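# Observations on chain architecture
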2 protein chains.
Amino acid sequence: MISFDNFKLRDGIPVYLQILEHIKQGIVAGEIVNNDELPSRRVLSALLGLNPNTVQKAYRILEDEGLIESHAGAKSYMRLDGEKLRRVRDELIERVTLDAAEAFKRMGLTKAEAAALLERYWSEVEEEK
Amino acid sequence: MISFDNFKLRDGIPVYLQILEHIKQGIVAGEIVNNDELPSRRVLSALLGLNPNTVQKAYRILEDEGLIESHAGAKSYMRLDGEKLRRVRDELIERVTLDAAEAFKRMGLTKAEAAALLERYWSEVEEEK
DNA sequence: AAAACCGTATTAGTGATATAATACAGTTAA
DNA sequence: TTAACTGTATTATATCACTAATACGGTTTT
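Per-chain numbering applies: the sequence of each chain, read as written, is numbered from 1 onward. Here every chain gets a letter starting at A, and every ligand a number starting at 1, in the order they are written. Two thresholds apply to this predicted model, a pLDDT of at least 70 for residue-level local features and 80 or more for giving and counting side-chain atom pairs, whereas whole-chain, interface and lining totals are computed over all residues. Working from all heavy atoms in the structure, the side-chain values ignore hydrogens and water.

When at least one non-hydrogen atom of a residue lies within 4 Å of a molecule or strand, that residue is treated as near it. Taken together, the neighbourhood of DNA strand D is formed by 26 residues, with Val15, Asn53 and Thr54 of chain A together with Arg41 and Arg42 of chain B sitting nearest. A breakdown of the atoms of DNA strand D within 4 Å of the protein gives sugar and phosphate a share of 61%. In protein, a polar contact requires one atom able to donate a hydrogen and another able to accept it; more generally it is a pair of N or O atoms within 3.5 Å, and residues adjacent in sequence count only if both atoms are side-chain atoms. The contact in question runs from a base nitrogen of DNA strand D to an N or O atom on the side chain of Asn51 of chain A, over 3.0 Å. With respect to DNA strand D, the side chain of Lys57 of chain A contributes an N or O atom lying 2.9 Å from a phosphate oxygen.

This part covers the layout of surface pockets. Residues and elements named next belong to chain B. Here a cavity means grid points, on a 1 Å grid over the protein atoms only, where a 1.4 Å probe fits yet cannot get out; a pocket means an open set of points with protein on both sides within 12 Å along at least five of seven lines; lining residues are those with an atom within 4 Å of a point. Grid points are joined across faces, edges and corners, and a volume is the space filled by probe spheres set on the points. Approximately 200 Å³ is the volume attributed to the second largest pocket. Lining the second largest pocket are 13 residues, with Ser40, Arg41, Ala74, Lys75 and Ser76 sitting closest to its centre. Here the lining of the second largest pocket is built from residues that sort into four nonpolar, five polar and four charged. When residues are sorted by character, Ala, Val, Leu, Ile, Met, Phe, Trp, Tyr, Cys and Pro go into the nonpolar class, Asp, Glu, Lys and Arg into the charged class, and all the rest, Gly among them, into the polar class.

Here we come to the packing of aromatic side chains. Geometry of aromatic contacts follows a simple scheme: Phe, Tyr and Trp rings, the Trp one being its six-membered ring, pair when their centres are within 6.5 Å, and the pair is stacked under 30 degrees between planes, edge-to-face over 60, tilted otherwise. Throughout the structure, instances matching the rule amount to two aromatic pairs over all chains. Judged by centre distance (5.6 Å) and plane angle (70°), the rings of Phe4 of chain A and Phe7 of chain A are edge-to-face. Type-normalised accessible area, obtained with a 1.4 Å probe on protein chains alone, sets the label of each residue: buried when under 20%, exposed when over 50%, and partly exposed for intermediate values. When its relative accessible area of 5% is taken as the criterion, Phe4 of chain A is described as buried. On the accessibility criterion, Phe7 of chain A (14% relative accessible area) is buried. Lying across the ring of Tyr16 of chain B, Lys57 of chain B places its NZ or CZ 4.4 Å from the centre. Geometrically, a charge over a ring is one whose NZ (Lys) or CZ (Arg) sits within 6 Å of the ring centre while staying within 35 degrees of the ring normal.

This part covers helix 4 (residues 82–106) of chain A. Since there are 3.6 residues in each turn of an α-helix, residues three or four apart along the chain are aligned in direction. Helix and strand definitions here come from DSSP, where helices need a minimum of 4 consecutive H or I residues and strands a minimum of 2 consecutive E residues; each element is numbered from the N-terminal end. Expected span, for any helix, means 1.5 Å times one less than how many residues it has. Across its 25 residues, helix 4 of chain A extends 36 Å between first and last C-alpha, which sits within 8% of the 36 Å expected from 1.5 Å per residue. If you check which residues of helix 4 of chain A are buried, you get Lys84, Val88, Leu92, Ile93, Val96, Thr97, Ala100, Ala101, Ala103, Phe104 and Arg106 of chain A. Contact partners of the buried residues in helix 4 of chain A: helix 1 (15–29) and helix 5 (111–121) of chain A together with helix 1 (15–29), helix 4 (82–106) and helix 5 (111–121) of chain B. By the N-cap criterion, in which a side-chain oxygen at the helix start approaches the backbone nitrogen of a residue two or three places on, helix 4 of chain A is capped by Asp81 of chain A, the distance to Glu83 of chain A being 3.2 Å. Positive backbone phi, at 80°, marks Gly108 of chain A, one or two positions downstream of helix 4 of chain A. Note on contacts: a residue pair qualifies if any of its non-hydrogen atoms lie within 4.5 Å across the two residues.

For the rest of this paragraph, the subject is the nonpolar core. Among the nonpolar cores identified, the biggest contains 75 residues, and Ile23, Met78 and Phe104 of chain A together with Ile23, Met78 and Phe104 of chain B are the most heavily contacted of them. With residues near it in sequence (within four places) discarded, Ile23 of chain A still touches Phe4, Ile32, Leu38, Tyr59, Leu62 and Met78 of chain A. By nonpolar core we mean a set of buried residues, namely Ala, Val, Leu, Ile, Met, Phe, Trp, Tyr and Cys, connected to one another through side-chain atoms within 4.5 Å.

This next bit is on the pattern of salt bridges. By definition, a salt bridge exists where a carboxyl oxygen of Asp or Glu is found within 4 Å of a side-chain nitrogen of Lys or Arg. On inspection of all chains with the given rule, the structure shows 16 salt bridges over all chains. Here Arg106 of chain B and Glu31 of chain A are joined by a salt bridge, their closest N and O atoms 3.2 Å apart. Taken together, the residues span two chains, with Arg106 of chain B in helix 4 and Glu31 of chain A in the loop between helix 1 and helix 2 (41–48). Relative accessible area serves as the criterion here: at 9%, Arg106 of chain B is assigned to the buried category.

Here we come to the packing of helix 1 of chain A against helix 3 (residues 52–64) of chain A. Residues and elements named next belong to chain A. Between N-to-C directions, angles cover 0 to 180 degrees, with each direction set by a line fitted to C-alpha atoms, over the stretch in contact for helices. Interaxial distance between helix 1 and helix 3 falls to 8 Å at its minimum, and their mutual angle equals 50°. The angle between the axes of helix 1 and helix 3 places the two elements in the oblique class. The crossing of helix 1 and helix 3 is right-handed. For the pair helix 1 and helix 3, the contacting residues are Val15, Tyr16, Ile19, Leu20 and Ile23 in the first and Thr54, Val55, Lys57, Ala58, Tyr59, Ile61 and Leu62 in the second. For the contact of helix 1 with helix 3, the residue count by class is ten nonpolar, one polar and one charged. Roughly parallel here means an angle under 35 degrees, roughly antiparallel means over 145, roughly perpendicular means 65 to 115, and every remaining angle is called oblique. Two helices cross in a left-handed way if the nearer one is turned anticlockwise from the farther one by less than a right angle. They cross in a right-handed way if the turn is clockwise.

With that settled, consider the interface of chain B and chain A. Counting from both sides, the interface comprises 39 residues of chain B and, opposite them, 40 residues of chain A. Summed over both partners, the accessible area (1.4 Å probe) lost when two parts come together is defined as the buried area. Both sides of the chain B and chain A interface together cover about 4100 Å² of buried area, and 68% of this is carbon and sulfur. Across the chain B-chain A interface, the total number found is six salt bridges. The shortest N-O distance in the salt bridge between Asp99 of chain B and Arg10 of chain A comes to 3.4 Å.

Now the structure itself:
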């Protein structure tokens, strides 16, 4: 069962996108693997204090991207082969890295300064339990 | 006059926040300094293809934060002293760095891997003209 | 078979983002 | 002084994200 223990809502970003991001990060991290079971729309929405429709929107997009399989009445499962894993990993890493690099550059920092900042702040990220 | 030449709209993020971000990044980069003149609401909205009210919303927030000064009928100017410069710089750097570090960590990367990625992608960021 | 789940769908309402069209009064430059 | 700007404000409309309350039928478990 896919875990949402370390999931914290951030404001300013649509919730359904945060759910998408959380699952894709889990895939890249290797925590989520093929055939893993997803929490039901009702269970996850109750757990996160959301409306089932918000979770459904995220799940629907994942299904459209071919990452999960859903059938009326049955539970939903991850459907990941090598090609999809590679695609998710490459897209996520590229987006996160380019966004950060772009922001650092716009602030006038050098490559070395940006890398040093990232390493300095690394341990300040809230630890996951 | 503050420049918006390298400003490109990204979707998924409220436009007024992107304007705020652009100006704050310019401040940190040292491109925007005290007493600099801001483009008028009408001029900037026309330049960016937006509604004047959208620009007004961003400028209003900057004024609330004490970074610009506006008076009916007159142009708007940056109002930056050492304390404000420090505040903007610290807040922006901390937010950008922590967001990136958090995303990298969630993907299961190590500090060294993340720093290496950032350096590898550095030159791939679209160059500003 | 029946109960307890499940995915899916629909309709309605709220708040935020953004557009559009004006209007008014203060400042500045010709 | 007058024309052209400026900031500021108001009202209306559209879209999106999200909530809320249901409903229907399929699957699974007991």
